[in-house]
Amino acid sequence: MKTKITNIGAFATWSEKDQKVVTSSSKEILIENGFIVEIAKKVKKADNEVNANRAFITPGFIDSHTHPVFCGDRASEFKMRLAGKSYSEIAQAGGGIISSIKGVRQSDENMLFSESYNRMDGFLKNGTTTIEAKSGYGLNLNDELKMLRIIKRLNEESELDIIPTFLGAHAFPPEFADDHDGYVNLICDEIIPAVVENELAEYCDVFCEIGYFTVEQSRKILETAKKYGLKPRLHADEFVNSGAAELASEVGAVSADHLMAVSDDGIEAMAKNNVIATLLPGTTLFLGNHIYAPGRKIIDAGCEVAIATDFNPGSSTLQSLTIAMSLAVLHCGLTIEEAFKGVTYIAAKSLNREDRIGCVQIGYQADLLFWNLNSLEEIPYWLGNNQITKILKKGIEVT
């Protein structure tokens, strides 16, 4: 089955060959079996035709850091922050990640799947066609596997492509409050082997931060994960400089995420070993903080930068990468082209899929957004105003 897209206003994509964002007009796109097979002024005949009505077309967006499987909400914590409580104070009072653990552990698997499935449409309507999804609200063997099974079902049954990450090292569960090393041993000796045996994750993530997992604990978990074939990534230097960026470099992590408190040494280490920096400016905004990740400094040092939402119930309920782009250009020092690259090609690269998604090129999956816009700069300019008129996922219209 072949589909051609005609009457395109223009399309924008990162070009690895040209090392820049390129915009093309007066072209048509031919899709076969979900992939782009021809881009030309006039493509070959097709079974179906999609009239773009002069739309501006981009690749589908890729959200490379999300936590979409949870039960209920944490709106009460939002109110507490407005009253002056910090994220750490809320966590110490039994809120934060621990609050979400209770919800997941007490939820039936089918009920939790249904609630999580309903969130997928929020990503899609905002132009996100691929997400990375983390576990991390179970924090024991059974409930971490439950979360990862749900992520697998979401990938199979929703219209999104969903890439699974094991995040058992998200926090210390209450039963290990006084035995942190014991929980690290449980992750390494029991949970990681079970995750791999059941083929439920591609990546292993750790929240390396003061008050969470130390550099030494994080290193042990990630080195164990690597032995079992999981690729490492990190929550790094979110609140204070903990040396997590340097650890990301040491263990060969594909990505270090957050980085609001990253040091110059950490940036240098990431650049040296090609660790992608994933910025999550929506989290800074949602937490009411004022220090954003130093995106300009990170890029100038030689790091590639992805942008993600960090969608989760406690510190970022954002599902719009267009808003994340706006925040990145307004507060992190990125150019519009860098922000666009960060939600397409570099986001794909942070998930080891830059050869199949994130670009409008021959051989790439036909995940395409149609915008009622004339130029790339309008995407972050229309802050929170969704200008998407049509979305194709693997060449099939899904909105």
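Residues numbered from 1 in each chain as written. Predicted model: local features only at pLDDT ≥ 70, side-chain atom pairs only at ≥ 80, totals over all residues. Heavy atoms only, no water.

A.B. asks: Where do I start with the pairing of strand β3 (residues 20-24) in this structure?
C.D. replies: Within a regular beta strand, the side chains point alternately toward one face of the sheet and then the other, so they alternate between its two faces. Where strand β2 (residues 10-15) meets β3, five bridges bridge the pair, whose relative direction is antiparallel. Bridge pairing links Phe11 to Ser24 in β3. The antiparallel hairpin formed by β2 and β3 contains four residues in its connecting segment, where Gln19 sits at a positive phi of about 55°. (Pairing = 2+ DSSP bridges. Helix = DSSP H or I, 4+ residues; strand = E, 2+ residues; numbered from the N terminus.)

A.B. asks: Any chance you could explain helix α9 (residues 264-272) here in plain terms?
C.D. replies: Residues three or four positions apart in an α-helix share a direction because the helix packs 3.6 residues into each turn. Among the residues of α9, Gly266, Ile267, Ala269, Met270 and Ala271 are the ones counted as buried. Of the surrounding secondary structure, the elements contacted by the buried residues of α9 are α8 (244-251), β13 (255-258), β14 (276-279) and α11 (295-300). A positive backbone phi angle near 60° is found at Asn274, which sits one or two residues after α9. (Buried < 20%, exposed > 50% of the residue type's maximum accessible area, 1.4 Å probe, protein only. Contact = heavy atoms within 4.5 Å.)

A.B. asks: I would appreciate a short explanation of the sheet that holds strand β11 (residues 203-208) in the present structure.
C.D. replies: Pairing between the strands of a sheet comes from backbone hydrogen bonds, and it takes one of two forms, parallel or antiparallel. Strand order in this open sheet of eight strands is β8-β9-β10-β11-β12-β13-β14-β15, and the pairing throughout is parallel. The open sheet has two edge strands, β8 (61-66) and β15 (305-307), and neither has a second partner. Shown here is a sheet whose adjacent strand axes are inclined to one another by a mean of 25°, direction ignored. Pairing of β8 with strand β9 (residues 128-134), which is carried by four bridges, proceeds in the parallel orientation. Looking across to β9, one finds that Asp63 is bridged to Ile131. (Axes fitted to C-alpha atoms, helices over the stretch in contact; angles between N-to-C directions.)

A.B. asks: Help me understand the environment of Ala225 in this model?
C.D. replies: Structurally, the position occupied by Ala225 is in helix α7 (residues 215-227). Of the residues examined, Ala225 reaches a relative accessible area of 1% and is grouped as buried. The spatial distance from the C-alpha of Ala225 to the C-alpha of Ile101 is 22 Å, given a sequence separation of 124 residues. For Ala225, the contacting residues outside a window of four places in its chain are Ile192, Cys204 and Leu230.

A.B. asks: Looking at this structure, I do not really get empty space enclosed by the protein. What am I missing?
C.D. replies: Where empty space is left becomes clear once a probe the size of a water molecule has been rolled over the atoms. The full count for this structure, using the stated rule, is one cavity of 30 Å³ or more. In this model, the largest cavity occupies a volume close to 120 Å³. Tallied by class, the residues present in the lining of the largest cavity amount to four nonpolar, seven polar and three charged. (1 Å grid on protein atoms, 1.4 Å probe; cavity = no way out; pocket = protein on both sides within 12 Å on 5 of 7 lines; lining within 4 Å. Points joined across faces, edges and corners; volume = space filled by probe spheres on them. Nonpolar A, V, L, I, M, F, W, Y, C, P; charged D, E, K, R; others polar.)

A.B. asks: Whenever I open this one, helix α4 (residues 109-125) confuses me. Can you help?
C.D. replies: Spanning 17 residues, α4 covers 26 Å between terminal C-alpha atoms, matching the ideal 24 Å at 1.5 Å per step. Buried within α4 we find Leu112, Phe113, Ser116, Arg119, Met120, Gly122, Phe123 and Leu124. Its side-chain oxygen at 3.0 Å from the backbone nitrogen of Asn110, Asp108 defines the N-terminal cap of α4. Positioned one or two residues after α4, Gly127 has a phi angle of 95°, which is positive. (Expected span 1.5 Å × (residues − 1). Polar contact = N/O pair within 3.5 Å; in protein donor to acceptor, adjacent residues only side chain to side chain.)

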